[in-house]
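# Structural characterization, general
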Amino acid sequence: MSTSILASTPSISALLRAVTSRYNETKGDDEKPLDTTEGIFTLKDKYLKAKICDDTLRRLFGLKPGYKSVRKFTLDVLSQYVGYADWDDFNARHTDAGGVQSYINTKKATIVSKELSKGDRVEISWLPDRRCVLEYKGENKYEVIEVQNSGTLDVSDTLCFSTVTIGKPLEADNLIKDGVCYQGVVLGKKDGISYAKIITF
């Protein structure tokens, strides 16, 4: 049975950046970039050594609506394309907090608070393995509903921010934790937010 990895896993963004970088370095002048269907076909047919569904690649690179998980097989193939043994090898190196982590945002997705309604939920993650779900309370205020691997945030904390931009740190104001108000908090200070999505029910 194939293992699936959550799409919000921060190192997936790093892998897609590495794939894009290598593809751009090796593609011919007449070959299209990966933000086009033609480029996806070129990557699949010319450069990858295993069969991956066209729709899978289009979703990964933002040409089709989002996805919740990715098969480990797909991540293995893409990891091998950029020079790693498999996804486990790539992920281990990119979730090492002591390692060097830097990559350029490819989708430039942004969440804007004023476009949300009260009760909407936002999922964000950042390296090495941090993830949280926030519920919008109105007036740029969010409450932490779920949190994983963060030494900064806890469930029921509240914080304020106007936007989330992938590839940039999230600078939030007025963090309230256990009844104490702090001036603010920065999430993803080194590499920025790697995943941000409005959760739909």
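Residues numbered from 1 in each chain as written. Predicted model: local features only at pLDDT ≥ 70, side-chain atom pairs only at ≥ 80, totals over all residues. Heavy atoms only, no water.

### Description of the overall build of the chain
For the chain, the count of helices and strands is five helices and eleven strands. Over its C-alpha trace the chain gives a radius of gyration of 18 Å, about what one expects of a compact globule, namely 17 Å for 201 residues. For the chain, the spread of C-alpha atoms along the principal axes amounts to about 55 × 35 × 35 Å. Taking all 201 residues of the chain together, the buried fraction comes to 44%. Within the chain, contacts between residues at least 6 apart in sequence are counted, and of these 49% link residues at least 24 apart. Approximately 10900 Å² of the chain is accessible, and the part contributed by carbon and sulfur atoms is 46%. Here the chain contributes 29 positively and 28 negatively charged side chains, and the mean placements of these two sets differ by 3 Å. (Helix = DSSP H or I, 4+ residues; strand = E, 2+ residues; numbered from the N terminus. Rg over C-alpha atoms; globule rule 2.2 N^0.38 Å. Buried < 20%, exposed > 50% of the residue type's maximum accessible area, 1.4 Å probe, protein only. Contact = heavy atoms within 4.5 Å. Areas by Shrake-Rupley, 256 points an atom, 1.4 Å probe, with all protein chains shown as cover. Lys, Arg positive; Asp, Glu negative; His and termini not counted. Charge placed at Lys NZ, Arg CZ, Asp CG, Glu CD.)

### Brief notes about the nonpolar core
Within the largest apolar cluster, 27 residues are counted, with the highest numbers of intra-cluster contacts made by Val19, Leu43 and Phe61. Of all the elements in the fold, those that place two or more residues in this core are α1 (10-26), α2 (37-47), α3 (54-60), α4 (72-81) and α5 (87-94). Element by element, the count of residues in this core is highest for α1, at six residues. Leu116, Phe161, Ala172 and Ile193 belong to the second-largest nonpolar core, a separate cluster that totals 22 residues. (Core = buried A, V, L, I, M, F, W, Y, C linked by side-chain atoms within 4.5 Å.)

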